[in-house]
Amino acid sequence: MTEVFFRYNMKCSFFFFLFSFCLVSYSQIKVSGKVVDDKTNLGLAFVDVFVPDSEYYTTTNTDGSFYLEVPNSVSSIKVSQFGYYVEDIDITQKANYDIVVRLSKEENEKQLKEVVITTRVNYKNKKENPAYAILREVWKRKKTNGLKKVDDYQYEEYEKIQFDLNNIDSAFTKKKIFNKLEFVFNNIDTSRVSGKAYLPMFLNESITEVIGRNRPNKKEIRELIANKTSGFQDNEIVSQSVKNLYKDYDIYENRINFFNKGFVSPIATDGFFHYDYELRDTIKADDVECYRIKYYPKREGELTFKGTFLVTKDTYAIKEITLATTKGINVNFIRDIYVELEYEQLNDSVFVPKETYTMLDMSLLTKKSKEKGIFAHRTVSFEDYKFDQHLPDSIYQQNVKYKEIEDYTKDDSYWELKRHIALKKSEKNIYETLERLENTPKFKRFVNLGEIIASGYWNVWNAIDIGRISSFIGVNSIEGWRLKIGARTYFSRNDTWRAKFYTAYGFKDEKVKYGAEFRKMFNPNNRFTLGIGTKRDIEQLGAQLTTDESILSRTFASSGLFQRGNNTSLSNVHQVSTYAEIELFKNTVARLDGTYQTIKTQSDDFNIDYVQDGKLKSVATDSRISLSLMMHPGAKYSLYGLDRYEHSTLAPTIMLKYTKGFKGIFNSGFDYNKLQLFYYHPILVATLGKLDFSLEAGKTFEPVPISLLSVIPGNQSLSIVPNVFSQINYYEFVTDTYSSMHLEHHFNGRLFGFIPLLKKLKLREVAFFRTAWGSISDKAKAMNRSSIQYIAPNDKLYYEYGFGIENIGIGNVRPLRIDFNWRGNYYDNPTTDKVSKFGVKFGFFVNF
């Protein structure tokens, strides 16, 4: 279930790039160019380009390119690399682009001593490197540095998020698509990091009060105080995409999470395996004596950075650090990641975050440096720190109160006073420009098109949307080709009530199906919600173990376009449901469902008959209640309405579910009790990628017919579907006690990186293992008169395994994944005519 959320989030981000794609400041001296070897003309990586005795410093990329901004007073810069003569470059104009710096190798040891100003040495082992001794002291103190050292803390956080269209040139501004939109180009600016010209397209500012404690147990409360947005404020694509691009991270941790990929921190305890370090010199930063250490990756193509960091001489805390990715990182849509972190010394021993800046350089189709793309900037500033206030426990137990958007809106005078960092002129103009742009009909049409693609719904009249477009057409053995159309109410992304309806028609069975639901949230603070709905439809039961109680949910197997074999094991389900839901604690939700349903078969080749009280019956009537407890610790959400947007995180998902069936209520035929557990957790495994782990277990304590039992879920479609078994047919294994485990590891190209051709193709490898165990009671077998023979995998664990290749495509467009699946046992299962020992599945996903 979490995987579905993740895929949807990635889709939103992808279509935001698509939308933005279609749509010079001279306060400092700008210098850019390339450093090459004088004889070979090859670019030199990680060369120092700097102004002596200053903070203006950069290193070249792996191809030798660099960009640096320096004050107007600077007249020259130095270029230095071990083994080469130092070059002085005169700066004669405001913009100094495409400079080629040729470095000559030194001729003898005497000259080497005279001209080299670097401390780089080819050490025999890391212990000889003076940077190693410094980092060892940093590692010893990393758990006590910063906010971790105090009992409790408070501070004010200012956040600024900005999106820009980059690589803007005169030819681009004259395109016909911008006819009558020329005014937007009045705000073109230049990036201080890369030197690329950009056009601001989105700006969001917020102020948040943070209260937290480390002892006796860790707890943190964040309350939004003010928010100001320019451009696309009510746009579903941007509002859901902006926050999802950033993850909170700790520079002292071994891995830094970007796009759910584990980048190696330069402060990692295993950093010397991934980086080379050079102790450059000692400097003063905010009157604090610091060591300055340069680092860069040992190997190309890994998830690493290059940059410098300052370590305080007395306390061995990180004072400042820069992180910049190198060319060729295997992350789709991302050309560069650049991060600056600055810490402030508040007393003799406590260093706390002062300011962080993150810039993502993204592109849609390819990573070519000249292609139009998106800059995503995030600046966070921290002020007004207070420590050890010893606030009462009641402060940490209260829930943050949600407010209307208007309650967070403040006037310009408030922002002039409270804004931690003054806006640049181009940023100030964004508010006015975007307001004018949003009122332009041509721009509105383009935004609406983007919303249709991203959300799957088309607004046809006021607050009525038609969709989802992706489910308009399907096919199965009972209905033949199936057409479906649905509608929903949608006033804003924070609606507190919503109604949905759909109807479908099968051209083979010539029958109309339908479904409808209404949901209302009464309290946005505890998210107390009531819902009611009904549906009559054809469904493939047994396609999930822990079923979704959502009224209008429908399994993938019910009407997929591509299937393996002929599937006639579909059921006609008539259901009426109601539910109540409340958030007991943060990310802990309790839900009570009441359901009445009748189930019968739709094919002569398949029946769900059973014997009860000596009578043969072919329709299962079920009245039940289900109590679910859903926990999602660490999850983060945007929006406060009925349908919140979940950020893609590594938060686990835990669901405990109890179901009670009542015989005699609305002619229900069954008294039963069922317990179920679902657990899912994505885990970053150092530099080896991401492991998706899921576990399910359950038991039905009384005998019930096949339509209410737990079927080990198979997959007869040709699509890749999470938490099902690719080589099992529908109803092949039937259980009333079960457990299953799924392991799927995404190596992110780590192994293929050692094979030159596969590395160049940027293919990524996936390995998976799935297993299940189950049993079926004699009483359940005794009442069975269905067309399915009950077989459970209780003699031995059923298992299947395989590998996949993902990230197949061209440029950044790499949505295809192909899986190769092998069945491990139960080759002679009598419940199926043909056992599938091997199968190939396909899937399309938007991957970073």
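Residues numbered from 1 in each chain as written. Predicted model: local features only at pLDDT ≥ 70, side-chain atom pairs only at ≥ 80, totals over all residues. Heavy atoms only, no water.

Draft legend 1. Looking closely at the sheet that holds strand β4 (residues 65-70). Spatial strand order, β4-β1-β7: 3 strands in an open sheet with mixed pairing. Across the chains shown, the open sheet's two edge strands, defined by having one partner strand only, are β4 and β7 (95-103). Sheet twist, expressed as the mean angle between neighbouring strand axes with direction ignored, is 25°. Examined bridge by bridge, strand β1 (residues 29-37) and β4 share 6 bridges and lie antiparallel to one another. Pairing of Lys34 across the sheet is with Ser65, part of β4. (Pairing = 2+ DSSP bridges. Helix = DSSP H or I, 4+ residues; strand = E, 2+ residues; numbered from the N terminus. Axes fitted to C-alpha atoms, helices over the stretch in contact; angles between N-to-C directions.)

Draft legend 2. Summary view of the packing of aromatic side chains. A complete count under the given rule lists 40 aromatic pairs for this structure. Plain terms: the ring middles of Tyr610 and Phe670 are 5.4 Å apart, the flat faces sit at 55° to each other, and that makes the pair tilted. Of the two residues, Tyr610 is situated in strand β30 (residues 610-612) and Phe670 in the loop between β35 (653-661) and β36 (672-684); the sequence distance between them amounts to 60 residues. Both residues of the pair, Tyr610 and Phe670, belong to the buried class. Its guanidinium or amino end placed over the ring of Tyr502, Lys484 lies 4.4 Å from that ring's centre, counting from NZ or CZ. (Phe/Tyr/Trp six-rings, centres within 6.5 Å; stacked < 30°, edge-to-face > 60°. Buried < 20%, exposed > 50% of the residue type's maximum accessible area, 1.4 Å probe, protein only. Lys NZ or Arg CZ within 6 Å of the ring centre and 35° of its normal.)

Draft legend 3. Focus on unusual backbone geometry. At the junction of Arg215 and Pro216, the peptide bond is cis and its omega measures out at 5° in the coordinates. With respect to the helices and strands, the residue Pro216 is situated in the loop between β10 (197-213) and β11 (219-230). Backbone torsion omega between Gly467 and Arg468 reads -10°, so that peptide bond is classified as cis. Among the structural elements, Arg468 can be located in the loop between β22 (464-467) and β23 (473-476). The residue Phe46 is not glycine, and still its phi comes out positive at about 60°. Tracing the backbone shows Phe46 in the loop between β1 and β2 (48-50). Non-glycine residue Asn723 carries a positive phi angle of around 60°.

Draft legend 4. Geometry of the pattern of salt bridges. Under the criterion given, the structure shown has 43 salt bridges. Here Asp393 makes a salt bridge to Arg213, at a shortest N to O gap of 2.9 Å. Taken as a pair, Asp393 in helix α7 (residues 393-397) and Arg213 in strand β10 lie far apart in primary sequence, 180 residues in all. Residue Asp393 is classed as partly exposed on the basis of its relative accessible area of 47%. In this structure, Lys228 engages Asp412 in a salt bridge whose closest nitrogen and oxygen atoms are separated by 3.0 Å. In this pair, Lys228 is assigned in strand β11 and Asp412 in helix α9 (residues 412-418), connecting sequence segments 184 residues apart. (Salt bridge = Lys/Arg side-chain N within 4 Å of Asp/Glu carboxyl O.)

Draft legend 5. Seen up close, the confidence of the model for the chain. This prediction gives the chain a mean pLDDT of 83; 86% of its residues lie at or above 70. Within the model, the stretch residues 108-120 combines pLDDT values under 50 with 21 contacts to residues more than four positions away or in other chains. (pLDDT = per-residue confidence, 0-100. Contact = heavy atoms within 4.5 Å.)

Draft legend 6. How the structure looks around helix α3 (residues 130-141). Here α3 has its buried residues at Ala131, Tyr132, Ile134, Leu135, Glu137, Val138 and Trp139. On the buried face of α3, the contacting elements are α6 (271-274), β14 (275-285), β15 (288-297), β16 (305-312) and β17 (318-325). Measuring from the backbone nitrogen of Ala131 back to the side-chain oxygen at the start of α3 gives 2.9 Å, which picks out Asn129 as the cap. (Polar contact = N/O pair within 3.5 Å; in protein donor to acceptor, adjacent residues only side chain to side chain.)

Draft legend 7. Structural view of the environment of Arg102. Mapped onto the elements of the fold, Arg102 is located in strand β7. Between the C-alpha atoms of Arg102 and Gly43, which are 59 residues apart in sequence, the distance is 9.3 Å. Among residues more than four places away in sequence, those in contact with Arg102 are Val36, Asp38, Asn41 and Glu87. At a separation of 2.4 Å, a polar atom in the side chain of Arg102 contacts the side chain of Asn41.

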